[in-house]
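Fold and geometry: a report
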Amino acid sequence: MSKFMVIGERIHCISPAIRQAFADRNPEPILLRAKEQLDAGADYLDLNIGPAERGGEELMQWGVKLLQENFDNVPIALDTANMKAIEAGIQVYNRSKGKPIVNSADAGDRIEYVDLAAANDAMVIALCSKEGVPGNNDERIAYCSELLERGMERGMEPTDLLFDPLFIVIKGMQDQLVDVLEAIQMITDMGLLTTGGLSNVSNGAPKHIRPLLDCAVLAMAMQCGFSSAIVNPCDKRLRETIVACDIIKNNILYADSVLEF
């Protein structure tokens, strides 16, 4: 068994502070967010520069070098809709601590992101969708199989694809969340790895309820074989849930000091 992989989500252009830091090429807010996440146990950092239609290649290279030079070649998920920016980031990427992750492909207009990952010996987050949220698990598994076949035809190992079943918003789509958990189990039973943006589960819920929902779904997903997640590792309750589940699943050794992070 392998320890659950945490992909830190907090270097994201949706944050006004990070968006401004990108625009100004100001390293301080980015380095601060990176350090906080790594200190909290993140394994990868997601570098989300947004659409980056202008200047994306230079920005991605700047961000990759900034993070890796300051944090001992920390592995990174390159997150943008600009394929050329991802390629540029990979060109300066040091993979001594882990392959880059391309974020993300789907079975529709973004299927070429699988090709991009394959051509650059990278991993890829593969969304089990073609247009929006899939209607049922038959669709999820069909898209999963299509993406897997695409990757393997281009020389990828099955474990280089991280399949995202697409978590749904529990407020308004409550009846469909069990389907997502079942999809995780089905993908795991195929010998494949999974990931996903967990915070989508609690979108729209009151702030004090969100951690409860996120942690409960995470624990249930890990029992179904969930391999990794794009989360805020600085959320103490969430991080404690991950560690506890890893212990219960025998992924890491128990120690009385386990919560000292």
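Reading guide: rules and limits
Residues numbered from 1 in each chain as written. Predicted model: local features only at pLDDT ≥ 70, side-chain atom pairs only at ≥ 80, totals over all residues. Heavy atoms only, no water. 1 Å grid on protein atoms, 1.4 Å probe; cavity = no way out; pocket = protein on both sides within 12 Å on 5 of 7 lines; lining within 4 Å. Points joined across faces, edges and corners; volume = space filled by probe spheres on them. Helix = DSSP H or I, 4+ residues; strand = E, 2+ residues; numbered from the N terminus. Nonpolar A, V, L, I, M, F, W, Y, C, P; charged D, E, K, R; others polar. Phe/Tyr/Trp six-rings, centres within 6.5 Å; stacked < 30°, edge-to-face > 60°. Buried < 20%, exposed > 50% of the residue type's maximum accessible area, 1.4 Å probe, protein only. Lys, Arg positive; Asp, Glu negative; His and termini not counted. Salt bridge = Lys/Arg side-chain N within 4 Å of Asp/Glu carboxyl O. Contact = heavy atoms within 4.5 Å.

Quick look at the layout of surface pockets now. Space inside the largest pocket adds up to approximately 630 Å³. Forming the walls of the largest pocket are 25 residues, and the residues nearest its centre are Glu9, His12, Gly197, Ser199 and Ile230. Elements with a contribution of two residues or more to the lining of the largest pocket: strand S1 (5-12), strand S2 (44-50), strand S3 (76-80), strand S4 (101-105) and strand S5 (123-127). Of the residues contributing to the lining of the largest pocket, the split by class is seven nonpolar, twelve polar and six charged.

Summed over the entire model, instances satisfying the criterion amount to two aromatic pairs. Between Phe4 and Phe226, the ring centres sit 5.7 Å apart and the planes meet at 50°, which makes this aromatic pair tilted. Residue Phe4 is found in the segment before S1, and its partner Phe226 is found in the loop between helix H9 (210-223) and strand S8 (228-231); the two are separated by 222 residues along the sequence. In this structure, Phe4 and Phe226 share a single accessibility class: buried.

Mapped onto the fold, Asp46 is located in strand S2. Although Asp46 is buried, it makes no salt bridge; Arg110 carries the closest opposite charge, 9.8 Å away. Not counting chain neighbours up to four residues away, the residues in contact with Asp46 comprise Ile7, Gly8, Glu9, Ile11, Ala77, Asp79 and Asn103.

For the structure on display, the rule yields twelve salt bridges. The partner of Glu36 in a salt bridge is Arg10, with the nearest N and O atoms 2.8 Å apart. Of this pair, Glu36 sits in helix H2 (residues 27-39) while Arg10 sits in strand S1; the two residues are 26 residues apart in sequence, bridging distant segments of the chain. Owing to a relative accessible area of 22%, Arg10 belongs among the partly exposed residues under this scheme. The residue Lys99 makes a salt bridge to Asp160 at a minimum N-O spacing of 3.0 Å. Here Asp160 lies in the loop between helix H6 (137-153) and strand S6 (161-164) and Lys99 lies in the loop between helix H4 (83-91) and S4, a separation of 61 residues in the sequence. Among the charged side chains, a salt-bridge network with shared partners connects Arg95, Lys99, Asp121 and Asp160.

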